[in-house]
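# Tertiary structure, described
The residues making up each chain are set out below.
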Amino acid sequence: MEILFLNPVFKEAIWGGKLLKEFGYEQATDKTGECWGISAHKSGDCTISNGEFEGKTLSWVYENHRELFGNIQDNIFPLLVKIIGAEDDLSIQVHPNDEYAALHENSLGKTECWYVLDCKEDTKMVMGHHAKTKEELVKAIENDDYDHLLNKFDIKKGDFFYIPSGTIHAICKGSLIYEAQQSSDITYRVYDYHRKDKDGNERQLHVKQSIDVTTVPYKPYDLAKQVEETIENGTRKELVSSNYLTLNKYDMTGYNKVKNDKPFQLVSIIEGQGTVEGKEVKKGDHFVVCSDQKEVDFDGTMTVMICTL
Ligand code: ZN
């Protein structure tokens, strides 16, 4: 029976800040942008913090004990879970699909989804664009005309967004976000506000690739089928179920037994505290429920994200 608790990997960023520290991560600095909570990606491979695999990386366990992950055939561990704290705006960016990423980057594509854990008043988000044709898109990019091009709106705590590859997007300053995504680190930056780093250099842009992969026209993803149900002590809401991932949010107010009929479950405590199979957990903890663990006992008042294939 296996539950793999993980040591997150922290990443600083030009747009990072104190939000992850304030969220409760002691290892975060004043410039941390991302906490990779559940990752077997080579750019940030989490180590296991408990049991017989203590100290091993998640990619090592995936490589050597595939039976714990339902013997799935994926060459690399397919999903990645992050907490993102943006003190400043992220670049306007877009990710390739599997086909383009395999051809040009030897990587998976990147479809992702976001749940807003917290944000300041008037926090914005960029999602999609208003160009009706590729020509309109190219012209707007050439003219730096992002005010007219981008679809920008206010967000609030609890909002959820699904972002298929090919969608231009950006997290904006003041956002604390839970993200579940394909395990890929391929980002094409379209525009970075002409920001300069401490050496006076702008970050590299990938305008040609961005134009290649951006879906035109933009069509918002249909989230109409979100299911909500009462569980033993609390509620479960299915935020999305797609070809790439399924994400459920559990708001628990006591004891709950959660079944696992998937190859694995990626679990993140995003609010509150309690126990999991008798072990104490709190906000910010991440773990993997392996395929041989058919049900998990949760107890406590907490909000729990469970991401599966
Ligand atoms: Zn992204």
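We now turn to the structure provided with this report. (Residues numbered from 1 in each chain as written. Predicted model: local features only at pLDDT ≥ 70, side-chain atom pairs only at ≥ 80, totals over all residues. Heavy atoms only, no water.)

What follows covers unusual backbone geometry. In the segment running from V216 into P217, the intervening peptide bond is cis, with an omega of -10°. Within the fold, P217 resides in the loop between α6 (207–213) and β16 (227–231). At Y193, a residue that is not glycine, the phi angle is positive and equals roughly 60°. With respect to the secondary-structure elements, Y193 resides in the loop between β15 (188–191) and α6. In this structure Y193 comes out as partly exposed when scored by relative accessible area, which is 28%. A positive phi angle, close to 50°, is found at E277, a residue other than glycine. Relative to the elements of secondary structure, E277 occurs in the loop between β20 (264–276) and β21 (279–282). (Helix = DSSP H or I, 4+ residues; strand = E, 2+ residues; numbered from the N terminus. Buried < 20%, exposed > 50% of the residue type's maximum accessible area, 1.4 Å probe, protein only.)

Another point: the coordination of the zinc ion. Taken together, the protein donors to the zinc ion comprise H95 (NE2), E112 (OE) and H169 (NE2), at separations of 2.1 to 2.2 Å. Each donor residue of the zinc ion belongs to the same chain, and together they define the spacing H-x16-E-x56-H. Residue H95 is located in the loop between β8 (92–94) and α3 (98–105), and its partner E112 is located in strand β9 (residues 112–119); the two are separated by 17 residues in the primary sequence. Each member of the pair, H95 together with E112, is buried. (Donors = N, O, S within 2.8 Å, 3.2 Å for Na, K, Ca; no water.)

This paragraph deals with the nonpolar core. Grouped burial of nonpolar side chains is what soluble globular proteins tend to show. Of all hydrophobic cores here, the largest spans 42 residues; its most connected members are L58, F69, Y178, L247 and V288. In this structure, L247 is in contact with C113, F160, Y178, K237, E238, L239, V240, M305, I306 and C307, ignoring residues within four places of it in sequence. (Core = buried A, V, L, I, M, F, W, Y, C linked by side-chain atoms within 4.5 Å. Contact = heavy atoms within 4.5 Å.)

Turning next to the packing of aromatic side chains. One pass over the full model with this rule turns up 14 aromatic pairs. An aromatic cluster of at least three residues, connected via ring pairs, comprises Y62, F69, F77 and F264. Just above the ring of Y62 sits the side chain of R66; from NZ or CZ to the centre is 3.8 Å. Its end group placed over the ring of F5, K279 keeps NZ or CZ at 4.7 Å from the ring centre. (Phe/Tyr/Trp six-rings, centres within 6.5 Å; stacked < 30°, edge-to-face > 60°. Lys NZ or Arg CZ within 6 Å of the ring centre and 35° of its normal.)

Further remarks concern the sheet that holds strand β3 (residues 32–38). Strand order in this open sheet of six strands is β2-β3-β7-β14-β9-β12, and the pairing throughout is antiparallel. Looking along the sheet, the strands with just one partner apiece sit at the ends: β2 (9–17) and β12 (160–163). The average undirected angle you get between the axes of adjacent strands in this sheet is 25°. As paired elements, β9 and strand β14 (residues 175–182) share seven bridges and run antiparallel to each other. Residue pairing across strands places D118 opposite L176, the latter belonging to β14. (Pairing = 2+ DSSP bridges. Axes fitted to C-alpha atoms, helices over the stretch in contact; angles between N-to-C directions.)

Following the criterion strictly, the structure yields 15 salt bridges and no others. Taking the shortest distance from any N to any O, the salt bridge between K82 and E34 comes out at 3.2 Å. Within this pair, whereas K82 is found in strand β7 (residues 79–86), its partner E34 is found in strand β3, the two being separated by 48 residues in sequence. E34 matches K82 in its accessibility class, with the two residues each being buried. Residues joined in a network through salt bridges with shared partners are D88, D192, R195 and R203. (Salt bridge = Lys/Arg side-chain N within 4 Å of Asp/Glu carboxyl O.)

Buried residues dominate β7, accounting for eight of its eight residues. Burial along β7 is two-sided: the residues L79, V81, I83 and G85 and L80, K82, I84 and A86 are all buried. Across four bridges, β3 lies against β7 in antiparallel orientation. Paired with E34 across the bridge in β7 is I84. As defined by bridge partners, β7 adjoins β14 across eight bridges and the pair is classed as antiparallel. Among the inter-strand pairings, I84 is bridged to a residue of β14, identified as I177.

As for its placement among the helices and strands, I38 is situated in strand β3. Assessed through its relative accessible area of 0%, I38 is described here as buried. A C-alpha to C-alpha distance of 5.0 Å links I38 and V81, two positions 43 residues apart in sequence. Leave out the neighbours within four places in its chain, and I38 touches L6, C46, L58, L79, L80, V81, L266, V267, S268, H286, F287 and V288.

Here S242 lies in the loop between β17 (234–241) and β18 (246–253). Judged by relative accessible area, which is 16%, S242 ranks as buried. Of note is the side chain of S242, whose polar atom sits 3.1 Å from the backbone nitrogen of Y244. (Polar contact = N/O pair within 3.5 Å; in protein donor to acceptor, adjacent residues only side chain to side chain.)

Taken as a whole, helix α4 (residues 134–142) has its buried residues at L137, A140 and I141. Along the axis of α4, the buried positions cluster into a sector of 100°, meaning they face one direction only. Set apart from the buried face of α4 by more than 90 degrees, the exposed residues are E135, K139 and E142. For α4, the elements touching its buried residues are β10 (124–129), α5 (146–149), β15 and α6. (Arc of directions from axis to C-beta.)

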